[in-house]
2 protein chains.
Amino acid sequence: MLENLSQNKVHGGWHKQYSHSSDSVSCNMRFAIFLPPQTNESNPVPVIYWLSGLTCTDENFMQKAGAFKIAAELGVAIVAPDTSPRGENVADNDGYDLGQGAGFYVNATQAPWSNHYQMYDYVTRELPALIEQHFPVSKLKSVAGHSMGGHGALVVGLKNQTEYQSISAFSPIVNPMQCPWGQKAFSTYLGDNKEDWKQYDACELIKANDVELPILIDQGDADQFLIEQLKPENIASIAKQKGVNLELRMQPGYDHSYFFISSFIEEHIKFHCQYLK
Amino acid sequence: MLENLSQNKVHGGWHKQYSHSSDSVSCNMRFAIFLPPQTNESNPVPVIYWLSGLTCTDENFMQKAGAFKIAAELGVAIVAPDTSPRGENVADNDGYDLGQGAGFYVNATQAPWSNHYQMYDYVTRELPALIEQHFPVSKLKSVAGHSMGGHGALVVGLKNQTEYQSISAFSPIVNPMQCPWGQKAFSTYLGDNKEDWKQYDACELIKANDVELPILIDQGDADQFLIEQLKPENIASIAKQKGVNLELRMQPGYDHSYFFISSFIEEHIKFHCQYLK
């Protein structure tokens with residue numbers, strides 16, 4: 001059911017890639033998992049799910065974030081899924097911000113996307129069930145991500161507050177209904193009725209719900225996408241109005257890259273581990 | 001003279017890529033530098049030169065090794081050159097282990113390679129002079145590398161013991177004269193006279209010289225290239241005979257990848273910084 005594609009020992013634990021046939025997205029999906037050295041059947045470890053940004057696969061975070069030293073120390077697993085369904089028969093688009101590599105963690109309702117682009121179900125239901133079935137992990141989980149995946153982490157966590165312990169994001173698209181990336185993806189995957197978009201917009205979700213989960217957001221102030229696409233002030237102001245435990249940290253001089261993520265990932269892993277007990 | 005190609009803030013310091021026209025290798029060369037936050041004109045920092053392995057560019061180490069947190073803490077710069085001359089007019093070969101991406105840090109003597117493949121001169125002379133001219137660094141330097149670049153680090157350090165303070169390597173080709181990668185490269189770049197090869201073989205250099213520099217080598221015992229190509233026991237036994245301060249650490253379960261490097265790079269940076277004072 002799971003095909004092991006690679007394994008590498010790292011910081012005393014293991015990085016492994018797997019492929020499996022996914023029911024939610026109706027194609028083969030690849031994911032990667034980091035298992036800390038403490039992992040064994042009698043010591044199930046909690047899991048941080050990492051959702052990546054546009055154009056990424058399961059590999060970007062695992063190769064570039066530098067997260068394993070602290071994850072090994074604290075005894076937490078990390079799972080990184082791919083960012084969309086993929087394959088010859090899967091709908092695609094020439095843009096880097098639509099189609100394969102750009103699933104936006106929604107369940108698409110519009111043809112031809114709805115056939116495969118059910119990434120919300122994949123990430124919230126199928127993948128955690130698969131991980132809990134095949135690896136010695138506990139049911140305790142948190143969710144984190146970058147850019148499109150930061151949007152994904154916020155939406156996944158906010159819509160499933162009893163399932164996750166905490167949310168963190170780097171440079172997230174906090175208000176996709178109000179930026180070009182989000183408007184392009186949502187109109188394509190979800191259609192023109194903006195009421196249908198609100199279930200996948202972190203700012204709208206905070207407006208409409210009581211939020212108990214702690215949220216940490218890091219945003220570089222030299223990020224080229226800051227003003228047009230990311231708009232972190234939108235979520236900060238709504239969170240403040242609603243009394244949500246959300247910390248937005250503007251990081252001076254940092255951009256949108258994995259150099260930024262690697263600079264603060266240790267603090268994010270520590271943040272989640274406070275709640276994964 | 002130096003063209004800045006990119007810059008990213010990371011761990012409070014800066015990662016920057018540059019291109020320049022190289023006299024030694026007669027083409028444009030690219031390198032990357034990490035400058036720790038302590039760097040300024042009144043506080044020149046020491047430099048670790050990192051030499052990468054087959055197929056790599058200046059980017060692999062900088063993106064995947066996770067070295068910047070400790071380098072920032074300890075205040076050391078890191079410079080990563082490309083692994084060969086490159087360009088349309090530069091000789092090449094279809095193999096991944098010869099030609100562009102596979103310069104082996106030697107000065108080629110055989111046509112057509114000798115036109116550009118003068119990587120030994122580039123790495124030991126031109127690049128350090130350029131770095132010391134353009135960045136606020138001291139003349140204190142150490143050298144490290146991986147696989148082909150571990151061979152490079154050993155050869156560069158052993159042949160220039162007054163220039164470098166220490167040598168370290170991950171999974172180095174310690175005895176290129178006795179393995180397929182080395183024999184292919186040396187016969188192509190240096191010709192058939194094996195006496196000419198000895199100047200670029202770490203084991204032969206230790207045999208022929210007094211060695212004062214401290215050397216640290218990490219080698220994974222699950223490395224697929226261990227037995228045929230790497231042969232760390234060859235350098236360990238010669239070093240022992242000659243009383244060289246060389247520590248070879250066999251690391252159980254680790255392979256040839258950057259997952260291995262990232263697991264122990266902090267210890268290598270600390271090792272060098274002991275001597276960069």
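Residues numbered from 1 in each chain as written. Chains lettered and ligands numbered in written order. Predicted model: local features only at pLDDT ≥ 70, side-chain atom pairs only at ≥ 80, totals over all residues. Heavy atoms only, no water.

Attention now goes to the sheet that holds strand 5 (residues 77–81) of chain B. Hydrogen bonds along the backbone pair up the strands of a sheet, which may run parallel or antiparallel. Here 9 strands make up an open sheet; going across it, the order is 1-2-3-5-4-6-7-8-9 (chain B) and the pairing mixed. Two strands lie at the open edges of the sheet, namely strand 1 (2–10) and strand 9 (246–251) of chain B, each paired on one side alone. On average, each strand axis in the sheet is inclined to that of its neighbour by 20 degrees, with strand direction left out of account. Note: strand 8 (residues 215–220) of chain B against strand 9 of chain B, 6 bridges, orientation parallel. In the sheet register, B:I217 faces strand 9 of chain B, and the bridge partner there is B:L248. Contacting strand 1 and strand 2 (13–22) of chain B, helix 9 (residues 258–275) of chain A crosses the sheet at an angle of about 30 degrees to strand 1 of chain B. Here helix 9 (residues 258–275) of chain B sits on the sheet and contacts strand 4 (45–51), strand 5, strand 6 (137–146), strand 7 (167–170), strand 8 and strand 9 of chain B; the angle it forms with strand 7 of chain B, its principal contact strand, is near 170 degrees. (Pairing = 2+ DSSP bridges. Helix = DSSP H or I, 4+ residues; strand = E, 2+ residues; numbered from the N terminus. Axes fitted to C-alpha atoms, helices over the stretch in contact; angles between N-to-C directions. Contact = heavy atoms within 4.5 Å.)

The next point concerns the interface of chain B and chain A. With 23 residues of chain B at the contact, the number on the chain A side is 23 residues. In total, chain B and chain A occlude about 1,800 Å² of area from one another, counting both sides; carbon and sulfur atoms represent 49% of this. A per-residue breakdown of the area chain B buries against chain A is headed by B:K9, B:Q63 and B:F259, which together make up 35% of the total. At the surface where chain B touches chain A, the tally comes to 2 salt bridges. (Buried area = accessible area lost by both parts, 1.4 Å probe. Salt bridge = Lys/Arg side-chain N within 4 Å of Asp/Glu carboxyl O.)

Residues and elements named next belong to chain B. All of the buried residues in helix 8 (residues 232–242) are P232, I235, I238 and A239. Down the axis, helix 8 shows its buried residues gathered within 135 degrees of arc, on one side only. Opposite its buried face, helix 8 presents the exposed residues K240 and Q241, each directed more than 90 degrees away. Those residues of helix 8 that are buried are in contact with helix 4 (148–159), helix 6 (202–208), strand 8, helix 7 (226–230) and strand 9. Looking one or two residues beyond helix 8, the residue adopting positive phi is G243, at roughly 65 degrees. (Buried < 20%, exposed > 50% of the residue type's maximum accessible area, 1.4 Å probe, protein only. Arc of directions from axis to C-beta.)

With that settled, consider the confidence of the model for chain A. This prediction gives chain A a mean pLDDT of 98; 100% of its residues lie at or above 70. Predicted as a complex, the structure gets a pTM of 0.97 and an ipTM equal to 0.95. (pLDDT = per-residue confidence, 0-100.)

Let's shift gears to the relation of the copies chain B and chain A. Here chain B sits on chain A after a turn of 180 degrees about the axis and a move of 0.0 Å along it, with an RMSD of 0.0 Å. The relationship between the two copies is best expressed as a two-fold rotation axis. The share of interface residues of chain B whose copies in chain A are also at the interface is 100%, consistent with both copies meeting through the same surface. (Least-squares fit on C-alpha atoms with pLDDT ≥ 70 in both.)

A word on unusual backbone geometry. As a rule of thumb, non-glycine residues mostly have phi less than zero, and peptide bonds are mostly trans rather than cis. A:P112 follows A:A111 through a cis peptide bond whose omega is -5 degrees. For A:P112, the location among the structural elements is in the loop between strand 5 (77–81) and helix 3 (119–134). With a phi close to 55 degrees, B:S26 is a non-glycine residue in the positive phi region. Among the structural elements, B:S26 can be located in the loop between strand 2 and strand 3 (27–35).

Right, let's get into the side chain of A:T39. All names here are of chain A. Along the polypeptide, T39 turns up in the loop between strand 3 (27–35) and strand 4 (45–51). Classification of T39 as buried rests on a relative accessible area of 16%. A polar atom in the side chain of T39 sits 2.5 Å from the backbone oxygen of P36. (Polar contact = N/O pair within 3.5 Å; in protein donor to acceptor, adjacent residues only side chain to side chain.)

Let us look at the packing of aromatic side chains. Tallied over the full model, the rule gives 40 aromatic pairs over all chains. For the ring pair A:F186 and A:W197, a centre distance of 5.8 Å and an interplane angle of 80 degrees mean the geometry is edge-to-face. With A:F186 in helix 5 (residues 180–190) and A:W197 in the loop between helix 5 and helix 6 (202–208), the pair connects residues that are 11 residues apart, well separated along the chain. Relative accessible area serves as the criterion here: at 0%, A:F186 is assigned to the buried category. Given the relative accessible area of 3%, A:W197 is considered buried. When the ring of B:Y18 is compared with that of B:F31, the centres are 5.5 Å apart and the planes differ by 25 degrees; the resulting orientation is stacked. You can see B:Y18 sitting in strand 2 and its partner B:F31 sitting in strand 3, a full 13 residues away along the chain. Judged by its relative accessible area of 10%, B:Y18 falls in the buried class. Taken together through their ring pairs, the aromatic side chains of A:W50, A:F61, A:F170, A:Y254, A:F260 and A:F264 make up a single cluster. The ring of B:Y164 has B:K141 lying over it, and the distance from NZ or CZ to the ring centre is 5.5 Å. It is B:K159 that lies over the ring of B:Y120; its NZ or CZ is 5.3 Å from the centre. (Phe/Tyr/Trp six-rings, centres within 6.5 Å; stacked < 30°, edge-to-face > 60°. Lys NZ or Arg CZ within 6 Å of the ring centre and 35° of its normal.)

Residue and element names in this part refer to chain A. Strand order in the open sheet made by the 9 strands is 1-2-3-5-4-6-7-8-9, with mixed pairing throughout. Two strands lie at the open edges of the sheet, namely strand 1 (2–10) and strand 9 (246–251), each paired on one side alone. Each adjacent strand pair in this sheet contributes to an overall mean axis angle of 20 degrees, direction not counted. Alignment of strand 7 (residues 167–170) against strand 8 (residues 215–220), held across 4 bridges, turns out to be parallel. Paired with S168 across the bridge in strand 8 is L216. Each of strand 8 and strand 9 touches helix 8 (residues 232–242); the most contacted strand, strand 9, lies at about 150 degrees to it. Across the sheet, helix 9 touches strand 4, strand 5, strand 6 (137–146), strand 7, strand 8 and strand 9, and the angle it forms with strand 7 is around 170 degrees.

Turning our eyes to something else, we now look at the packing of helix 3 of chain A against helix 4 (residues 148–159) of chain A. Angle between the axes and distance between the axes are the two parameters that describe a pair of packed helices. All names here are of chain A. One way to put it is that helix 3 packs onto helix 4 with a least axis distance of 11 Å and a crossing angle of 60 degrees. In terms of axis orientation, helix 3 runs oblique to helix 4. For helix 3 against helix 4, the interelement crossing comes out right-handed. Of the residues in helix 4, those touching helix 3 at Y120, V123 and T124 are V155, V156 and K159. (Parallel < 35°, antiparallel > 145°, perpendicular 65-115°, else oblique. Left-handed = near helix turned anticlockwise from the far one by under 90°.)

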